[in-house]
Amino acid sequence: MELRNAGSAGTLESSDIMITLHPKTDEGIEIVLESPAKQQFGKAINTTITETLMGLGIHSALVEAKDRGALDCTIKARVETAAMRAAGLDNLEVYP
Amino acid sequence: MKTLQELECVKALLESHGLSLDDDVEYTIGIFRDEELIGTGSVSGKVIKCVAVSEKIKGEGISAKIVTSLLHYLSGKGVHHVFIFSKPESAEQFRSLGFREVARSEPYAVLLETGPHGVEEYKKELRKSFVDGKKVCCIVVNCNPFTLGHQYLIRTAAKECDVVHVFVVREDLSLFPYAVRLRLIREGVADVPNVRVHEGGDYIISRATFPRYFTRKTDFAAAQAALDLEVFVKHIAPTLRITSRYVGEEPYCAVTNSYNEAMKTILPKHGIRLVVVPRLKIGSEAVSASRVRQLIKDGLLEETRELLPESVFAFLKSPEARPIIERIKTSDSRH
């Protein structure tokens, strides 16, 4: 999947996460994370985001993540939707 | 906001928080419960402001709902670098929503931002034009349009300092478009080797740092000037090792004058000297861009010749300037 423009999903409400994906010219996933639990869970959140993107075949993206204590499944869902919007797709049929 | 009645509710809620609905606001939302407005927030350009939640409802995450909705609106317009203009007591709440603090001026305001390209990236870019020198000064100009007065100010600074950094206010709310202003300035100082002309960006007199500059109101101008200057002393001055700031005396504009007054108190506290250069006088009056615009408005284009560098006067006579001149003639804007 290729990101064509910026796309975001999620809210800033408690237990949610807002993800915005920006296309980037070079390879690699770069994540800017703001989270009240950054110290304890920062690494785990970054891993979930990276793995979800890799699963979608996205290897280049600038990710903004504003976390409000989201669970893994929420993070995954928000990343997938943001990716779909950033790629200009209507649904995730391409998802393996 | 649909009806005047709803708008009145918004104004009343803001007022109860010591805020007002700024006149440059382009988009406002309200959250109602049982016909009662419990929260509101607005957008102006890339700035979220005028956010308030009813005292009775605190702790239900209403402000998170408001900011989310405004971010969705902005992202739909392709705006991903977003500022929040907040009172100091609300800043912590916005930080918990993932915004980073840029600067604060107690007791008036705090500026926060979000997005991948924030003030740190701006400084990284700025660092590339760092030039070492003992006396490094900064001049912030709008140049609407560039006059012999601006040229005189920049040249005076260039004689007295090793390096002169000129920042051009980017916000495109002036009668002369940004690209034109920037070009005329660059042409006008091209022969002075120790002058660097920079794009002002979001951090010098922008709608984020100094919203009142772009409206006519002079109340609160001093408070907002203070915030703009906090950004300057905290981020821009240290990056370029600026030791002084040059300004022209301000005989006409009350908002600019109150900005100059704020500089007198704030800059010396941070070891930056403020140098006020008396205006260049031609005839009995000081040269100023507003004098030039007035002459154009009165249809006296020829009389601007003695107030402008040749290149600027030539521009005014060119076909490219025609729409600008038309706008000046019909506008009663201060800018």
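Small disclaimer: the values here were computed from a predicted structure and weren't measured. (Residues numbered from 1 in each chain as written. Chains lettered and ligands numbered in written order. Predicted model: local features only at pLDDT ≥ 70, side-chain atom pairs only at ≥ 80, totals over all residues.)

Re the overall build of chain B
A count of helical and extended segments in chain B gives 11 helices and 13 strands. For 335 residues, the compact-globule formula gives about 20 Å, and the C-alpha radius of gyration of chain B, at 21 Å, lands near that figure. By its C-alpha atoms, chain B is 65 × 45 × 35 Å across when sized along the principal axes. Counting over 335 residues, chain B shows a buried share of 41%. Pairs at least 24 apart in sequence give 68% of the contacts found in chain B among residues at least 6 apart. (Helix = DSSP H or I, 4+ residues; strand = E, 2+ residues; numbered from the N terminus. Rg over C-alpha atoms; globule rule 2.2 N^0.38 Å. Buried ≥ 20, exposed ≤ 12 C-beta atoms within 10 Å, placed from the backbone. Contact = placed C-beta atoms within 7 Å.)

Considering the sheet that holds strand S8 (residues 163-168) of chain B
All names here are of chain B. Sheet architecture is open: 5 strands sit in the order S9-S8-S7-S10-S11, paired in parallel fashion. The outermost strands of the open sheet, each flanked by one partner alone, are strand S9 (195-199) and strand S11 (273-277). Here the average twist between neighbouring strands, direction ignored, is 25°. Relative to S9, S8 runs parallel, the two sharing 5 bridges. Among the inter-strand pairings, Val-168 is bridged to a residue of S9, identified as Glu-199. Sheet strands in contact with helix H5 (residues 148-160) are strand S7 (136-141), S8, S9, strand S10 (244-248) and S11, and its direction is about 170° off that of S7. (Pairing = 2+ DSSP bridges. Axes fitted to C-alpha atoms, helices over the stretch in contact; angles between N-to-C directions.)

A word on the environment of Ala-103 of chain B
Note on placement: Ala-103 of chain B falls in strand S5 (residues 100-105). Considering only alpha carbons, one finds Ala-103 of chain B and Asp-228 of chain B, 125 residues apart in sequence, at a separation of 8.5 Å.

A word on the interface of chain A and chain B
Facing the 15 residues of chain A at the interface are 12 residues of chain B. Counting residues per element, the ones that place at least two in the side of chain A that touches chain B are strand S2 (17-22), strand S3 (28-34) and strand S4 (60-67) of chain A. Of the residues in the side of chain A that touches chain B, the class split is 6 nonpolar, 5 polar and 4 charged. (Nonpolar A, V, L, I, M, F, W, Y, C, P; charged D, E, K, R; others polar.)

Quick look at the domain arrangement of chain B
Residues and elements named next belong to chain B. Split into domains, chain B comes out as domain 1 (4-116) and domain 2 (121-330). Just the C-alpha atoms count here: the centres of domain 1 and domain 2 sit 31 Å apart. At the junction of the two partners, domain 1 supplies 16 residues and domain 2 supplies 13 residues. Elements with a minimum of two residues in the side of domain 1 that touches domain 2: strand S4 (82-86), S5 and strand S6 (109-114). Here the side of domain 1 that touches domain 2 gets 4 residues from one element, more than from any other, and that element is S5. Of the residues in the side of domain 1 that touches domain 2, the class split is 8 nonpolar, 3 polar and 5 charged. (Domains from an automatic or database assignment.)

Let's talk about helix H1 (residues 4-16) of chain B
Along an α-helix, residues three or four positions apart point the same way, because every turn accommodates 3.6 residues. Helix length check: H1 of chain B (13 residues) gives 18 Å between terminal C-alpha atoms against 18 Å at 1.5 Å per residue, within 8%. Positive backbone phi, at 70°, marks Gly-18 of chain B, one or two positions downstream of H1 of chain B. (Expected span 1.5 Å × (residues − 1).)

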